[in-house]
Amino acid sequence: MTVIISDCGFDPWQEIQNYQQATGILDGQVGATNVFIGTLRDFNDGTAVNGMTLEHYPGMTERQLEIIISEAARQWPVIDALVIHRVGDILPNEPIVLVAVWTSHRGDAFDASRHIMEALKSKAPFWKKERLVSADSRWVKENTNGYKPA
């Protein structure tokens, strides 16, 4: 199980391929891989956004993500998991987060991946400051629940 916090952009598909090759994870019992990639939208709360600065608490953030992955591994038979999260300045359409989960069966992969992502959004110490097209900026007060608002 691996957690990476980076202030550099990343190619999620290349990261998955590199991880699978480095760990040999596909040499055996894996029957399902679930991948979630979150990118920065160019709007939030009805306002145009042209970028975001994402801050975190070094050490604490990684530890909380490790706890979240461990929780998922206790609930589902996770063979391996990879979480990569950007910090620093991010532009629209750039990847912010990658959650990849490998299991023997698809249902476990879907459920564990969803758990990791939802817990990450509510428990991990990240702070987001959006840069608006109007040249203003604002701190994001809370994360969405993962569904389009009604």
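Remember, it's a predicted structure, so these values are computed and weren't measured experimentally.

Participant: Explanation requested: the packing of helix α2 (residues 60-75) against helix α3 (residues 106-123) in the structure shown.
Facilitator: Geometry of a packed helix pair, given as the angle between the helix axes and the separation of the axes. Relative orientation of the contacting elements α2 and α3 amounts to 150 degrees, with a least axis distance of 9 Å. Considered as vectors, α2 and α3 are oriented roughly antiparallel to each other. At the point where α2 passes α3, the crossing takes the right-handed sense. Facing Gln64, Leu65, Ile68, Ile69, Glu71, Ala72 and Gln75 of α2, the residues of α3 in contact are Ala112, His115, Ile116, Ala119, Leu120 and Lys123. Split by residue class, the contact of α2 with α3 holds 8 nonpolar, 3 polar and 2 charged.

Participant: How do you make sense of a nonpolar patch on the surface when you look at a structure like this?
Facilitator: On the surface, a nonpolar cluster with roughly 450 Å² of combined accessible area is contributed by Tyr57, Met60, Trp127 and Trp139. Tracing the chain through its elements places Trp127 in strand β8 (residues 126-132).

Participant: I would appreciate a short explanation of α2 in the present structure.
Facilitator: Residue pairs three or four apart in sequence face the same way in an α-helix, which turns once every 3.6 residues. With 16 residues, α2 should cover 22 Å at 1.5 Å per step; its first-to-last C-alpha distance of 23 Å lies within 8% of that length. Turning to α2, its buried residues are Thr61, Leu65, Ile68, Ile69, Glu71 and Ala72. Across the axial projection of α2, the buried residues extend over an arc of 155 degrees, all falling on one side. Those residues of α2 that are buried lie in contact with β1 (2-6), β4 (47-56), β5 (78-86), α3 and β8.

Participant: Looking at this structure, how should I read the pattern of salt bridges?
Facilitator: Opposite charge on two side chains permits them to pair, given that their charged atoms come into close proximity. Inspection of every chain in the model, using the stated rule, returns 6 salt bridges. Asp89 is paired through a salt bridge with Arg131; the nearest N and O atoms lie 3.6 Å apart. Here the residue Asp89 occupies a position in strand β6 (residues 88-90), and Arg131 occupies one in strand β8, the gap between them amounting to 42 residues. We classify Asp89 as exposed; its relative accessible area is 53%. Between Glu118 and Arg114 there is a salt bridge, with the nearest N and O atoms lying 3.1 Å from each other. Taken together, the residues Glu118 and Arg114, both in helix α3 and 4 residues apart, mark about one turn of the helix. Residue class for Glu118 comes out partly exposed when judged on its relative accessible area of 27%. Taking the relative accessible area as the measure of exposure, Arg114 reaches 39% and is therefore partly exposed.

Parameters and conventions
Residues numbered from 1 in each chain as written. Predicted model: local features only at pLDDT ≥ 70, side-chain atom pairs only at ≥ 80, totals over all residues. Heavy atoms only, no water. Axes fitted to C-alpha atoms, helices over the stretch in contact; angles between N-to-C directions. Helix = DSSP H or I, 4+ residues; strand = E, 2+ residues; numbered from the N terminus. Parallel < 35°, antiparallel > 145°, perpendicular 65-115°, else oblique. Left-handed = near helix turned anticlockwise from the far one by under 90°. Contact = heavy atoms within 4.5 Å. Nonpolar A, V, L, I, M, F, W, Y, C, P; charged D, E, K, R; others polar. Patch = residues over 30% accessible without salt bridge, like charges linked within 9 Å, V, L, I, M, F, W, Y side chains within 5 Å. Areas by Shrake-Rupley, 256 points an atom, 1.4 Å probe, with all protein chains shown as cover. Salt bridge = Lys/Arg side-chain N within 4 Å of Asp/Glu carboxyl O. Expected span 1.5 Å × (residues − 1). Buried < 20%, exposed > 50% of the residue type's maximum accessible area, 1.4 Å probe, protein only. Arc of directions from axis to C-beta.

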